[in-house]
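Observations on the model geometry
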Amino acid sequence: MQFKSYWHDTAPAFASAQDGPVEGKVDVVVIGAGFTGLNAARKLAREGVSVAVLEARHVGFGGSGRNGGHLNNGMAHGYGEAKAQLGAERAKALWQAYDRSIDMIEEVIAEEGIACDFRRSGKLKLASKPSHVAGLRSNFELIHREVDPDTRFLEAHELTDEIGSDQFHGAMLYGKSGMMHMGRYVNGLAEAAHRRGAKIWEDSPVIGRKREGGGWLIETPKGTIRAERVIAATNAYSNSVERAPLGYFRKRIISVGSFIVATRPLSEAEIAATLPSDRTYVTSMNIGNYFRLSPDKRMIFGGRARFSATSDQSSDAKSGKVLRAALTEMFPQMAGVGIDYCWGGMVGMTKDRFPRAGEADGMLYGMGYSGHGAQMATLMGQVLADMALGRTDTNPLQGLDWPKVPLHSGKPWFLPLVGMYFGLKDRLS
């Protein structure tokens with residue numbers, strides 16, 4: 001078993017990073033080379049804006065290269081819950097923004113010629129308990145009526161051709177959802193930004209930021225660069241660099257570990273017995289699982305195996321054992337199938353699980369995707385580029401307040417308590 005991201009290991013590496021010191025002057029500095037930052041840089045460079053991307057590790061190191069590979073439309077909430085919290089108009093606009101972002105990913109792939117196995121597979125939200133069926137059906141009826149007619153409710157007996165497990169009692173099918181190879185997409189997006197004129201420095205964490213005239217002086221271990229505007233696209237990794245000037249976000253982002261395993265490639269018979277419809281799948285539990293087949297036919301199976309604020313080999317190995325047990329409980333026929341990859345990454349959660357984009361502490365920002373960043377971040381990158389160009393009318397999150405998380409300063413000491421709470425809810429639901 002390899003303790004590395006399957007997406008990182010099976011994608012051509014980004015080959016166009018800057019070799020020399022971080023230096024010069026640009027219109028915009030982007031902090032973070034994931035989907036958000038790279039699409040912001042691509043859009044700005046295409047508009048003739050000089051832009052530099054500063055990445056603490058390598059392109060796609062964070063959530064963009066460590067996720068489950070899903071492009072699921074919809075948000076982290078039931079639509080009715082979103083309406084209650086945001087109001088009908090904003091909830092509908094945010095729902096449509098997720099749809100628009102998947103459309104944009106498809107357009108970027110075509111425009112830039114990125115080979116990343118993008119496919120509109122559809123997503124199944126699976127009812128894990130009989131008691132979950134009524135709520136799932138009610139959410140489907142509301143969504144189907146108000147925002148997404150490309151949905152369908154499946155009764156338990158209709159799941160036979162969809163999934164080779166008897167654990168589920170119904171499902172909602174989202175027809176617009178898709179999947180792709182995340183590593184190939186993020187590296188292809190970086191190459192596209194570079195071709196458009198963006199400069200990308202890897203291994204260049206931002207460790208200082210101060211005003212200089214009407215702009216900013218940005219400090220890294222490799223040197224300093226001047227910029228008129230700064231975009232923070234660091235999401236869950238806003239807490240990961242010592243002395244990084246991202247304190248505003250540390251108090252608002254909760255970094256939670258999410259963990260994934262990938263099996264050896266499956267035979268056609270094994271696929272027919274487990275995931276014959278080849279979609280993305282998500283269970284209805286609070287501490288649930290998500291899974292799909294990879295382009296080379298591995299089962300990629302993930303979840304919040306442990307409520308941890310770290311992801312290292314020891315943490316990943318413990319979580320891998322939990323996921324292996326969940327996988328074989330769901331699919332007993334997979335008990336003898338080997339695991340080739342095990343990895344973890346950080347999910348950037350907000351208190352209310354809605355993403356945020358705006359301007360604060362002298363920076364534009366887009367983050368807080370709460371487990372739905374793969375599908376939303378490309379759009380947010382374009383939104384941030386628009387904001388840097390003086391446009392705010394494309395931001396579906398404009399003006400949404402973002403209060404601090406009480407008693408939180410970057411290290412989420414309360415995660416074990418959160419895990420206990422959601423575990424209890426799952427047992428009692």
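A brief look at the structure comes next.

Cut-off values and rules
- The residue count restarts for each chain, going from 1 along the sequence in the order it is written.
- Under the rules for a predicted model, residues below a pLDDT of 70 receive no local features and side-chain atom pairs below 80 are neither given nor counted, while totals for whole chains, interfaces and linings still include all residues.
- Note that water and hydrogens are dropped before the side-chain values are worked out from all heavy atoms of the structure.
- Where helices are involved, their axes are fitted lines through C-alpha atoms of the stretch in contact, as for all axes, and angles between N-to-C directions lie from 0 to 180°.
- Counting from the N terminus, the helices are DSSP H or I runs at least four residues long and the strands are E runs at least two residues long.
- Reported orientations rely on four angle classes, namely roughly parallel under 35 degrees, roughly antiparallel over 145, roughly perpendicular from 65 to 115, and oblique for the rest.
- The sense of a crossing depends on the near helix, which, turned anticlockwise from the far helix by less than a right angle, makes the crossing left-handed and, turned clockwise, makes it right-handed.
- Between two residues, a contact is recorded if the distance between any of their heavy atoms is within 4.5 Å.
- By the convention adopted, Pro, Cys, Tyr, Trp, Phe, Met, Ile, Leu, Val and Ala count as nonpolar, Lys, Arg, Asp and Glu as charged, and the other residues, Gly among them, as polar.
- DSSP calls a pair of strands paired once it identifies at least 2 bridges connecting them.
- Note on classification: 1.4 Å probe, protein chains only; a residue is buried when its accessible area is under 20% of the maximum for its type, exposed when over 50%, partly exposed between these limits.
- Definition of nonpolar core: a set of buried residues of the types Ala, Val, Leu, Ile, Met, Phe, Trp, Tyr and Cys, connected through side-chain atoms within 4.5 Å.
- We call Phe, Tyr and Trp rings a pair once their centres come within 6.5 Å, taking the six-membered ring for Trp, and we label the pair stacked below 30 degrees between planes, edge-to-face above 60, and tilted otherwise.
- Counted as over-ring charges are cases with an Arg CZ or a Lys NZ within 6 Å of the ring centre that also lie within 35 degrees of the ring normal.

Considering the packing of helix α2 (residues 35–46) against helix α6 (residues 182–196)
Following both chains from N to C, one finds α2 and α6 inclined at 25°, their axes separated by 8 Å at the closest point. Here α2 is positioned roughly parallel relative to α6, judged by the angle of their axes. With respect to the hand of their crossing, α2 and α6 are arranged in left-handed fashion. Only Met 182, Tyr 185, Val 186, Leu 189, Ala 190, Ala 192, Ala 193 and Arg 196 of α6 make contact with α2, whose side of the interface consists of Phe 35, Leu 38, Asn 39, Ala 41, Arg 42, Ala 45 and Arg 46. Along the lines of polarity and charge, the residues of the contact of α2 with α6 split into eleven nonpolar, one polar and three charged.

Details of the sheet that holds strand β5 (residues 151–155)
Spatial strand order, β5-β6-β4-β13-β14-β15-β12-β16: eight strands in an open sheet with mixed pairing. In this open sheet, the two edge strands, each paired with only one partner strand, are β5 and β16 (339–349). Across this sheet, the average inter-strand angle for adjacent strands is 20°, counted without regard to direction. Two strands pair when backbone bridges link them, and strand β12 (residues 254–263) and strand β15 (residues 299–303) are joined in this way by four bridges, in the antiparallel orientation.

Overview of the packing of helix α4 (residues 88–112) against α6
Direction vectors running N to C along α4 and α6 enclose 60°, while the axes themselves pass 11 Å from each other. In terms of orientation, α4 lies oblique with respect to α6. Crossing handedness for the pair α4 and α6: left-handed. Across from Ile 105, Val 108, Ile 109, Glu 111 and Glu 112 in α4, the residues of α6 making contact are Tyr 185, Leu 189, Ala 192, Arg 195 and Arg 196. Considering only residue class, the contact of α4 with α6 consists of six nonpolar, no polar and four charged.

Describing the pairing of strand β2 (residues 51–54)
Strand residues, when the strand is regular, have side chains that alternate between the two faces of the sheet. Residue alternation in β2 divides its side chains into two sets, Val 51 and Val 53 and Ala 52 and Leu 54, and both sets are buried. Sheet analysis places strand β1 (residues 25–31) next to β2, joined by four bridges and oriented parallel. Its bridge partner being in β2, Val 29 is matched across the sheet by Ala 52. Summarising the sheet, β2 and strand β8 (residues 199–201) pair through three bridges and their orientation is parallel. Opposite Leu 54, over in β8, you have Trp 201 as the bridge partner.

Focus on the nonpolar core
Counting 77 residues, the largest nonpolar core has Phe 35, Met 180 and Tyr 185 as the members making the most contacts within it. Phe 35 has contacts with Ser 64, Asn 67, Met 180, Met 182, Tyr 185, Val 186, Leu 189, Gly 373, Ala 374, Ala 377 and Thr 378, leaving out every residue within four places of it along the chain. In terms of nonpolar packing, the next biggest core, distinct from the first, is built from 27 residues, Leu 124, Val 261, Leu 327 and Met 330 among them.

Some points on the packing of aromatic side chains
Each aromatic ring pair is described using two quantities: the centre-to-centre distance and the angle formed by the ring planes. This structure, assessed with the given rule, holds 16 aromatic pairs. Here the aromatic rings of Tyr 6 and Tyr 341 are separated by 5.5 Å at their centres, their planes lie at 80°, and the arrangement is edge-to-face. With Tyr 6 in helix α1 (residues 6–9) and Tyr 341 in strand β16, the pair connects residues that are 335 residues apart, well separated along the chain. Each member of the pair, Tyr 6 as well as Tyr 341, is classed as buried. An angle of 45° between the planes, with centres 6.3 Å apart, marks the rings of Tyr 248 and Tyr 365 as tilted. Within this pair, whereas Tyr 248 is found in helix α7 (residues 247–250), its partner Tyr 365 is found in strand β18 (residues 363–367), the two being separated by 117 residues in sequence. With relative accessibility at 22%, the residue Tyr 248 sits in the partly exposed group. Members of the aromatic cluster, joined through ring pairs, are Tyr 248, Phe 249, Tyr 365 and Trp 402. Positioned above the aromatic ring of Trp 216 is the side chain of Arg 209, whose terminal nitrogen or guanidinium carbon lies 4.4 Å from the ring centre. We note Arg 252 situated over the ring of Tyr 248; from NZ or CZ to the ring centre the distance is 3.7 Å.

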